[in-house]
Amino acid sequence: MNAVPTLETHLSDDDLTAALRADALLGLTSAPKWLPPKWFYDARGSELFERITELPEYYPTRTERALLERVVGEIARSTRAEVLVELGSGSSAKTRLLLNALTAEGALETYVPQDVSSSALRAAVEEIAAEFPAVSVHGVVSDFTGTLGNLPRGGRRMIAFLGGTIGNLVPAERAEFLAGIHEVLEPGEQLLIGAGLVIDPAVLVPAYDDAAGVTAEFNRNVLHVLNNRLDADFVPEKFDHIAVWDAENEWIEMRLAATEATTVKVRELDLTVEFAPGEQMRTEISAKFRIDGLRGELAASGFRTERVWTDPDDRFALVLSERV
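As a starting point, this report considers the structure included with it. (Residues numbered from 1 in each chain as written. Predicted model: local features only at pLDDT ≥ 70, side-chain atom pairs only at ≥ 80, totals over all residues. Heavy atoms only, no water.)

**What about the overall build of the protein chain?**
Inclusion rule: Strands are runs of DSSP state E lasting at least two residues, helices are runs of H or I lasting at least four, and both sets are numbered from the N terminus onward. The globule rule is 2.2 Å times the number of residues to the power 0.38, and the radius of gyration it is compared with is taken over C-alpha atoms. Only protein chains enter the area calculation, which uses a 1.4 Å probe; residues under 20% of their type maximum are buried, those over 50% are exposed, and those in between are partly exposed. Under the convention used here, a 1.4 Å probe and the Shrake-Rupley method define accessible areas, while residue burial counts only the protein chains that appear.
Helix and strand content of the protein chain: nine helices and 13 strands. Taking 324 residues into account, the globule formula puts the C-alpha radius of gyration at 20 Å, and the protein chain, at 20 Å, falls close to it. Expressed along its principal axes, the backbone C-alpha trace of the protein chain runs to roughly 60 × 40 × 35 Å. Classification of the 324 residues of the protein chain by burial places 50% in the buried group. For the protein chain, the accessible surface area stands at approximately 13900 Å², while carbon and sulfur atoms represent 50% of it.

Given below as structure tokens:
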């Protein structure tokens, strides 16, 4: 039997509130207004996102999973990782494919899931520890963009960053993030990224604007979070969900548009925010990639791309690179 699973916390609820306060103050006083997508994910937001992943229009999750199922054996044989670190692990659902393959390869000793949600992470850590008794499980509650240095060292490590989440970062943020990964890893250790690819907007846009309206409710959930955590008085129903393809930047933008002139008070910030009729606030970007561009970004950050796998429709890629 393995050791009792552990949970290391570098991000308290007070830390999260402080970060939300800073982001809300900056974003709501900017022109145009914006909010970071990480604030979608309270318990309600996480539940809504799980529903999104099951929608017929939302291809990324099932496409990545099918691709991972097909190539996970090759990944395990190529890396023979002793330590698997997963950033933004959530429920660790897809990770089980990696865990099964790496344990079958006989190398894996430790699994380190990282997430901002201590409750989700605690549940995942306990489930994984029970399911994989030969693997030591060590959860880290942190923000992956700011606390990479808190990840444990030692052993031959592979960091997995799946789900296309790399696309939520603008290019400057991606460069900073990849530089941080480079600093954490030792030469020869590896990074596995799941990334959405540039495809026909006629397929892409509906994935972020489904007919059932689940994504719209998910988008508006950021307003519920501000109401609940910062004592704001947004009326979410007065904001329409918009998803557009920005061909120049090659990313999807999700926005909220005020349906009428609206005044919002954010009491915890002592802030009054005016929205003009039709005014839009960006809540997420989801960048899509071309393989050569992704190779270039990795190379610029000190990584050598070893393998690239794509699905039959070239909608999603798994990219394995090595820190040089």
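Following the structure, the description resumes.
**Focus on the sheet that holds strand 1 (residues 6-9)**
Paired through backbone hydrogen bonds, the strands of a sheet run either parallel or antiparallel to each other. To keep things clear, this is the line we draw: When DSSP finds two or more bridges between two strands, those strands count as paired. Axis geometry follows a simple rule: fit a line to the C-alpha atoms, using only the stretch in contact for helices, then measure angles between N-to-C directions, giving values from 0 to 180 degrees. Every residue pair with non-hydrogen atoms within 4.5 Å of one another is taken to be in contact.
Taken in spatial order, the eight strands line up as 1-4-3-2-5-6-13-12 in an open sheet, and their pairing is mixed. Two strands close off the open sheet at either side, each with one partner strand: strand 1 and strand 12 (303-310). Looking at each pair of strands side by side, their axes are set apart by 20 degrees on average, direction ignored. When strand 6 (residues 190-196) meets strand 13 (residues 316-323), the two strands line up antiparallel, connected through seven bridges. Within strand 13, the position partnered with Ala195 by the bridge is Ala317. Along the sheet, helix 3 (residues 60-79) contacts strand 5 (157-161), strand 6, strand 12 and strand 13; its crossing angle with strand 13, the most-contacted strand, is approximately 30 degrees.

**Observations regarding the environment of Arg80**
Following the sequence through the fold, Arg80 ends up in the loop between helix 3 and strand 2 (83-87). A C-alpha to C-alpha distance of 35 Å links Arg80 and Leu16, two positions 64 residues apart in sequence. Discounting residues that sit within four places of it in the chain, Arg80 has contacts with Ile75, Glu105, Ala107 and Arg156.

**Focus: helix 8 (residues 214-230)**
Under the convention used in this document: Helix span, as expected, comes to 1.5 Å for every residue beyond the first. Note that bend, as reported per residue, equals the angle between axes fitted to the 7 residues terminating at that residue and the 7 residues originating from it.
Between the first and last C-alpha of helix 8 there are 24 Å, a value that for 17 residues agrees with the 24 Å anticipated at 1.5 Å per step. Approximately 30 degrees is the largest bend angle found in helix 8, and it occurs at Arg220. Positive phi appears at Asp231, one or two residues downstream of helix 8, with a value of about 55 degrees.

**Topic: the pairing of strand 11 (residues 280-287)**
Of all eight residues that make up strand 11, six are buried, and the element is covered over most of its length. Of the pairings in the sheet, the one linking strand 8 (residues 251-258) to strand 11 comprises seven bridges and is antiparallel in character. Paired with Leu256 across the bridge in strand 11 is Met281.

**Remarks on the packing of aromatic side chains**
For clarity, the threshold we go by: Only rings of Phe, Tyr and Trp enter the pairing, Trp through its six-membered ring, and a pair is recorded when the two centres are within 6.5 Å. The plane angle decides the type: under 30 degrees is stacked, over 60 is edge-to-face, the rest tilted. Throughout this description, the term charge over a ring refers to an Arg CZ or Lys NZ atom that lies within 6 Å of the ring centre and within 35 degrees of the ring normal.
This structure, assessed with the given rule, holds 11 aromatic pairs. A network of ring pairs unites the aromatic residues Phe40, Tyr41, Phe49, Tyr58, Tyr208 and Phe218 as a single cluster. Here the guanidinium or amino end of Lys33 rests over the ring plane of Phe275, the centre of that ring lying 4.8 Å away. Seen from the ring of Tyr59, Arg315 lies directly overhead, with NZ or CZ sitting 5.3 Å from the centre.

**Quick word on the packing of helix 1 (residues 13-28) against helix 8**
How we decide: Comment on the angle field: the value is read as roughly parallel under 35 degrees, roughly antiparallel over 145, roughly perpendicular from 65 to 115, and oblique elsewhere. The crossing is said to be left-handed when, going from far helix to near helix, the turn is anticlockwise and less than a right angle, and right-handed when the turn is clockwise.
At their nearest, the axes of helix 1 and helix 8 sit 11 Å apart, and the two run at 120 degrees to each other. Considering their axes alone, helix 1 and helix 8 lie oblique with respect to each other. With respect to the hand of their crossing, helix 1 and helix 8 are arranged in left-handed fashion. For the pair helix 1 and helix 8, the contacting residues are Asp13, Leu16, Thr17, Leu20, Arg21 and Ala24 in the first and Val225, Leu226, Arg229 and Leu230 in the second.

**With respect to the nonpolar core**
Condition: Residues belong to a common nonpolar core when they are buried Ala, Val, Leu, Ile, Met, Phe, Trp, Tyr or Cys residues joined through side-chain atoms within 4.5 Å.
If you look at the biggest cluster of nonpolar residues, it comprises 69 residues, and the most contacted ones within it are Leu28, Leu84, Leu98, Met158, Phe234 and Val266. Ranked by the residues each element gives to this core, the list is headed by helix 8, at seven residues. Look past the residues within four positions of Val266 in its chain and what remains in contact with it is Leu28, Leu230, Asp231, Ala232, Leu271 and Val273. Residues Val83, Val140, Leu197 and Ala287 belong to the second largest nonpolar core, which totals 30 residues.

**Topic: the pairing of strand 2**
Most of strand 2 is tucked away: five of the five residues are buried. The alternating pattern of strand 2 places Val83, Val85 and Leu87 on one face and Leu84 and Glu86 on the opposite face, and all of these are buried. Pairing between strand 2 and strand 5: four bridges, direction parallel. Its bridge partner lying in strand 5, Val83 is registered against Arg157.

Shape descriptors only; they carry no functional weight alone.
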